[in-house]
Amino acid sequence: MALTSPENFNSNYLRDQVMQTYDQVARQPEGEYHFHRGAEYAHTYLAYNKEELTHIPSDSSDRFAGVGNPLLIGDNTPGVKPLSVGETVLDHACGGGMDLLIAARRIGETGKAIGVDMTKAMRQQAIKGAKKSGLGDIVDIREGVYESLPVESESIDVVISNGVLNLAPDKHVVFNEILRVLKPGGRLFLADVVVQRELTLDARSNPDLWAACIGGALVESELTELAAITGMVDGRIVQRFNCFLNTSAEQHVAKDLFVHGVNFYARKPE
Ligand SMILES: C[S@@+](CC[C@H](N)C(=O)[O-])C[C@H]1O[C@@H](n2cnc3c(N)ncnc32)[C@H](O)[C@@H]1O
């Protein structure tokens, strides 16, 4: 079970590593990393709409490091309501803000787009991106962690999440926060890394492997389980992405474990 980290897991070390990595990505998005980044990757590997990407300033899109395409869930999943004009959306670890800005353009000036992130350099880029795209009035970037969101209860129509659940030592806490902030009937559009079989205890105990987005990845079936335990309904995987194709992560572990990205949908009951 990967829903919580093993006993004695060094969560503080993990958080420091994650912050350092994404501080570096924010400052030097063109550097060498074990994961893909940027708009071209988003279009080619994750089926992002090319036209929508042209509206996103490079301050945000160069720093995109997601593993799936959360907004696509609302676009092409039967029975799921897409993000709509006037809604309030939260990206609970928004990084440079690419998903948030795409969402903000869709909800328009009567909506509200809140982005939370713990890494200052990422928040600064997200704010820059929002201003440059003329969305500064509806985008609100906040400092915080997704384990304790600086967001009012039952205030959000759609929570989006891309590539970050795997980094949480306790996934129950993250899902409980999502449930708290969603309005009744609110939707979760989540993308994350999953594995096909449980890792060894050694791998699960290695914070460096967690920081590489693999050590904390859920076994695929656990996502649906987690949503159900939390009290969400309709939980299901709706798309898959080969997000590590042609990266160093693929060469080392991804092929063996079939580590890949999924889009996952769930809803808070009415
Ligand atoms: C893999 S990136 C994904 C960012 C964004 N969702 C995207 O698709 O580009 C990881 C981001 O999650 C943030 N992050 C990691 N753990 C977090 C936490 N506990 N609370 C808030 N943000 C966190 C990091 O600061 C970093 O900006």
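Caption draft 1: Local environment of the overall build of the protein chain. Counting its regular elements, the protein chain contains twelve helices and eight strands. Summarising its shape, the C-alpha atoms of the protein chain cover approximately 50 × 45 × 30 Å along the three principal directions. Expressed as a percentage of its 270 residues, the buried residues of the protein chain come to 48%. Across the protein chain, the fraction of contacts at a sequence separation of at least 24, relative to all contacts at a separation of at least 6, is 77%.

Caption draft 2: Representation of the nonpolar core within the structure. Ranked by size, the top nonpolar core spans 83 residues in total, and within it Ala103, Ala104, Ala113 and Val159 carry the most contacts. No other element matches strand 5 (residues 182-195), which puts eight residues into this core. The contacts of Val159, once residues within four sequence positions are left out, are Leu90, His92, Ile178, Val181, Leu182 and Leu188.

Caption draft 3: Here's a closer look at the site of the ligand. Gly66, Ala93, Gly95, Thr119 and Val145 are the nearest of the 23 residues found near the ligand. At the level of elements, helix 1 (11-27), helix 6 (98-107) and strand 2 (112-117) are the ones that each hand at least two residues to the shell around the ligand. Its residues assigned to classes, the shell around the ligand comprises 14 nonpolar, six polar and three charged.

Caption draft 4: Local environment of helix 2 (residues 39-46). For helix 2, the full list of buried residues reads Ala42, Tyr45 and Leu46. In an axial view of helix 2, the angular spread of the buried residues amounts to 100°, which keeps them on one side of the axis. Two residues or fewer past helix 2, Ala47 is found with a positive phi of approximately 65°.

Caption draft 5: Spatial organisation of the environment of Ile214. Inspection of the secondary structure puts Ile214 in the loop between helix 10 (207-211) and strand 6 (218-219). Along the primary structure Ile214 and Val80 are separated by 134 residues, whereas in three dimensions their C-alpha atoms are 29 Å apart.

Reading guide: rules and limits
Residues numbered from 1 in each chain as written. Predicted model: local features only at pLDDT ≥ 70, side-chain atom pairs only at ≥ 80, totals over all residues. Helix = DSSP H or I, 4+ residues; strand = E, 2+ residues; numbered from the N terminus. Buried ≥ 20, exposed ≤ 12 C-beta atoms within 10 Å, placed from the backbone. Contact = placed C-beta atoms within 7 Å. Core = buried A, V, L, I, M, F, W, Y, C linked by C-beta atoms within 7 Å. Near = placed C-beta within 6 Å. Nonpolar A, V, L, I, M, F, W, Y, C, P; charged D, E, K, R; others polar. Arc of directions from axis to C-beta.

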